[in-house]
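Notes for the structure review
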Amino acid sequence: MIAGRNAVITGSTSGIGRGIALKLASEGARVMINGFGDEADIATLLIELEKLSGKKPIYSPADMSDPEQIEAMMRLAENELGGVDIMMNNAGIQFVSPIEDFPTDKWNQIIAINLTSAFHTTKAVIAGMKARGWGRIINLASAHSLVASPYKSAYVAAKHGIAGLTKTVALETAEFGITVNAVSPGYVLTPLVEAQIPATAKARGISEKDVIQTVMLSNQPTRKFVEIDDVAATVAFLCSDSAKGITGSNITVDGGWTAQ
Ligand code: NAD
């Protein structure tokens, strides 16, 4: 049952996280959203979430690269929601560059946002979930948690890392009614992907059209982008009671990419 649960979704002002927040709210969860973006757009999203769930959502602008801001966000969630039942670690960024030119600050930022933030949020929610005997921790990984692509060293390292974190925390919490899983999409057409098209074109010396056709979708046997709603539905299933036996898994929604 998702209705009546409290969910925190990091990086949910845009793309996949936004889709997940809308899906969980539509199933009756009270949500805390997080991320950057236009104030008016976030206000509109909050109104939409409240209409869907019938419960007042909360917004935290905490920067997932800053442990102190993450801790403050988790305290706010605990106090305002009265406990976090569903922790959705989704915030993520990308940077594409050959490793010899890869800026060190970009490496550190990607590891902090895409991997370490999930360590901090997970650490904050475990005690409450154990006490209540129910919890769902879901990490938005990627096909890049299973396979690599050139020029994405930090992203692939962070996503492989989060797959390992998922398995470890699943083992530590398995007896407490808590499941911990990763969801690994292939390419989904979100602002994150749109932004990397020109950078990939530059790194590979090809046109932007060729990046879509010969780099991105050539990896996906379906030759189609994965849809946000399909990822959100997978997350909702993992939050359901029917998924109580699924823990420590990494579920791909990648159009067949990693089957190759
Ligand atoms: P997006 O750029 O549309 O959304 C990213 C969200 O994260 C936004 O809400 C943004 O404000 C937030 N964010 C970025 N930096 C942040 C920070 N420092 N602190 C707090 N929030 C921050 O991206 P998306 O494509 O929806 O990606 C969401 C997740 O899905 C990421 O973890 C990404 O790696 C993963 N993913 C995406 C794809 C894809 O093809 N789009 C594929 C596999 C995995």
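It should be emphasised that the depicted structure is a prediction, and the values quoted were computed from it without experimental measurement. (Residues numbered from 1 in each chain as written. Predicted model: local features only at pLDDT ≥ 70, side-chain atom pairs only at ≥ 80, totals over all residues. Heavy atoms only, no water.)

1. Points about empty space enclosed by the protein
Considering all chains together, one arrives at one cavity of 30 Å³ or more under this definition. Around the largest cavity sit Thr 10, Asn 89, Asn 90, Ala 91, Ile 113, Asn 114, Ser 117, Ala 118, Leu 140 and Ile 162, which together line it. With four residues, helix H4 (residues 104-132) is the largest single contributor of residues to the lining of the largest cavity. A per-class count over the lining of the largest cavity returns five nonpolar, five polar and no charged. (1 Å grid on protein atoms, 1.4 Å probe; cavity = no way out; pocket = protein on both sides within 12 Å on 5 of 7 lines; lining within 4 Å. Points joined across faces, edges and corners; volume = space filled by probe spheres on them. Helix = DSSP H or I, 4+ residues; strand = E, 2+ residues; numbered from the N terminus. Nonpolar A, V, L, I, M, F, W, Y, C, P; charged D, E, K, R; others polar.)

2. Some points on unusual backbone geometry
Its identity is not glycine, yet Tyr 151 carries a phi of approximately 75 degrees, on the positive side. By secondary structure assignment, the location of Tyr 151 is in the loop between strand E5 (135-140) and helix H5 (153-173). With relative accessibility at 31%, the residue Tyr 151 sits in the partly exposed group. With a phi close to 60 degrees, Arg 223 is a non-glycine residue in the positive phi region. Considering the arrangement of structural elements, one finds Arg 223 in the loop between helix H7 (208-216) and helix H8 (228-239). (Buried < 20%, exposed > 50% of the residue type's maximum accessible area, 1.4 Å probe, protein only.)

3. Things to note about the nonpolar core
Counting 33 residues, the largest nonpolar core has Val 8, Met 87 and Ile 137 as the members making the most contacts within it. With eight residues, the single largest contributor to this core is H4. Among all residues touching Ile 137, those that are not within four sequence positions of it are Met 87, Asn 89, Thr 122, Val 125, Ile 126, Met 129, Ile 178, Thr 179, Val 180 and Asn 181. If you look at the next biggest cluster of nonpolar residues, it comprises 30 residues, including Ala 25, Ala 29, Ile 86 and Ala 236. (Core = buried A, V, L, I, M, F, W, Y, C linked by side-chain atoms within 4.5 Å. Contact = heavy atoms within 4.5 Å.)

4. Looking at helix H6 (residues 191-204)
In this model H6 runs 20 Å from its N-terminal to its C-terminal C-alpha over 14 residues, within 8% of the 20 Å that 1.5 Å per residue would give. Along H6, the residues that are buried comprise Val 193, Gln 196, Ile 197, Thr 200 and Ala 201. Buried positions along H6 lie against H7. (Expected span 1.5 Å × (residues − 1).)

So far we have only geometry, and geometry alone does not tell us how the molecule works.
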